[in-house]
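# Chains, contacts and geometry: an overview
Here is what each chain is made of, one letter per residue.
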Amino acid sequence: MVVAGHHLSGERANPQLLELGGSLVEATSTAPTYTLLRIGTADPTPGLLRVPLGGSAIDVERWRLPATSLAVLAGRMPAVLALGRVLLADGSDVLGYVCDVTVQAGAQRHTVDDISEFGGWRAYSRAISSAHHTSTAAQEIS
């Protein structure tokens, strides 16, 4: 199972994978055929979207899970995500979280931003946290 956002090691939803008997196989990246999207604003959901041109390699983790755990994870999935195939940098094709067809078609009712330039959800989160910290410090000085 490939994860690219909240289920990454140390992130807020990672305990779900551990509770379901998951074990980390490797930290890796996708083939350079994806965009990483931030879906929503208040509590954004990261989503992988495979694109025909202009994609990037995105940092992901590959997890091993018991087959029975997939149904549990699917039941907890936000409506903007789906289970689908993810092409990794080594050429393997693995089941993972991807954007739902409504996001792919642009038919969703959420704000969607391409954050691929950060290379992964963790780097994006660090950049946002750093920018927020810098902005808050500047406000306190003035």
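Quick note: structure is the one above.
Now for a description of the structure that goes with this document. (Residues numbered from 1 in each chain as written. Predicted model: local features only at pLDDT ≥ 70, side-chain atom pairs only at ≥ 80, totals over all residues. Heavy atoms only, no water.)

## Quick word on the overall build of the chain
When helices and strands are tallied, the chain shows 4 helices and 8 strands. Reading the chain from its N terminus to its C terminus gives the helix and strand order β-α-β-β-β-β-α-β-β-α-β-α. Here the chain holds 142 residues, and the buried ones make up 42% of them. (Helix = DSSP H or I, 4+ residues; strand = E, 2+ residues; numbered from the N terminus. Buried < 20%, exposed > 50% of the residue type's maximum accessible area, 1.4 Å probe, protein only.)

## A closer look at the pairing of strand β5 (residues 59-64)
Two faces, one strand: in a regular strand the side chains alternate between the faces of the sheet. In this structure, strand β1 (residues 2-3) lies alongside β5, joined through 2 bridges in antiparallel fashion. Residue pairing in the sheet places Val3 in a bridge with Glu61 of β5. Pairing analysis gives 6 bridges linking strand β2 (residues 23-29) to β5, with the strands arranged antiparallel. Opposite Ser23, over in β5, you have Arg64 as the bridge partner. (Pairing = 2+ DSSP bridges.)

## Side note on the pattern of salt bridges
Per the counting criterion, the structure on display carries 5 salt bridges. Here Arg38 makes a salt bridge to Asp113, at a shortest N to O gap of 2.2 Å. You can see Arg38 sitting in strand β3 (residues 34-39) and its partner Asp113 sitting in strand β8 (residues 112-114), a full 75 residues away along the chain. Given a relative accessible area of 18%, Arg38 falls into the buried group. (Salt bridge = Lys/Arg side-chain N within 4 Å of Asp/Glu carboxyl O.)

## Topic: the nonpolar core
Val3, Leu48, Leu73, Val86 and Tyr97 are the most contacted members of the largest nonpolar core, which totals 34 residues. Contributing elements (two or more residues each) for this core: β1, β3, β4 (45-50), β5, β6 (81-87), β7 (93-99) and α4 (121-141). (Core = buried A, V, L, I, M, F, W, Y, C linked by side-chain atoms within 4.5 Å.)

## Overview of the pairing of β3
Taken across its 6 residues, β3 has 6 buried, putting it largely inside the fold. Of the two faces of β3, the one carrying Tyr34, Leu36 and Arg38 and the one carrying Thr35, Leu37 and Ile39 are both buried. In this structure, β3 lies alongside β4, joined through 6 bridges in antiparallel fashion. Residue pairing for β4: Arg38 is matched across the bridge by Pro46. With 3 bridges connecting them, β3 and β8 associate as antiparallel partners. Within the sheet, the bridge partner assigned to Arg38 lies in β8 and is Asp113.

## Section: the layout of surface pockets
Considered as a void within the structure, the largest pocket measures approximately 280 Å³ in volume. As for the largest pocket, its lining consists of 19 residues, of which His6, His7, Thr45, Pro78 and Leu81 are closest to the centre. Sort the elements by how many residues they give to the lining of the largest pocket and β4 lands first, with 4 residues. For the lining of the largest pocket, the per-class residue count stands at 10 nonpolar, 6 polar and 3 charged. (1 Å grid on protein atoms, 1.4 Å probe; cavity = no way out; pocket = protein on both sides within 12 Å on 5 of 7 lines; lining within 4 Å. Points joined across faces, edges and corners; volume = space filled by probe spheres on them. Nonpolar A, V, L, I, M, F, W, Y, C, P; charged D, E, K, R; others polar.)

## Observations concerning the side chain of Asn14
Within the secondary structure layout, Asn14 lies in helix α1 (residues 14-19). There is a polar contact of 2.9 Å between the side chain of Asn14 and the backbone oxygen of His7. The residues contacting Asn14, other than those within four sequence positions of it, are His6, His7, Leu8, Ser9 and Trp63. (Polar contact = N/O pair within 3.5 Å; in protein donor to acceptor, adjacent residues only side chain to side chain. Contact = heavy atoms within 4.5 Å.)

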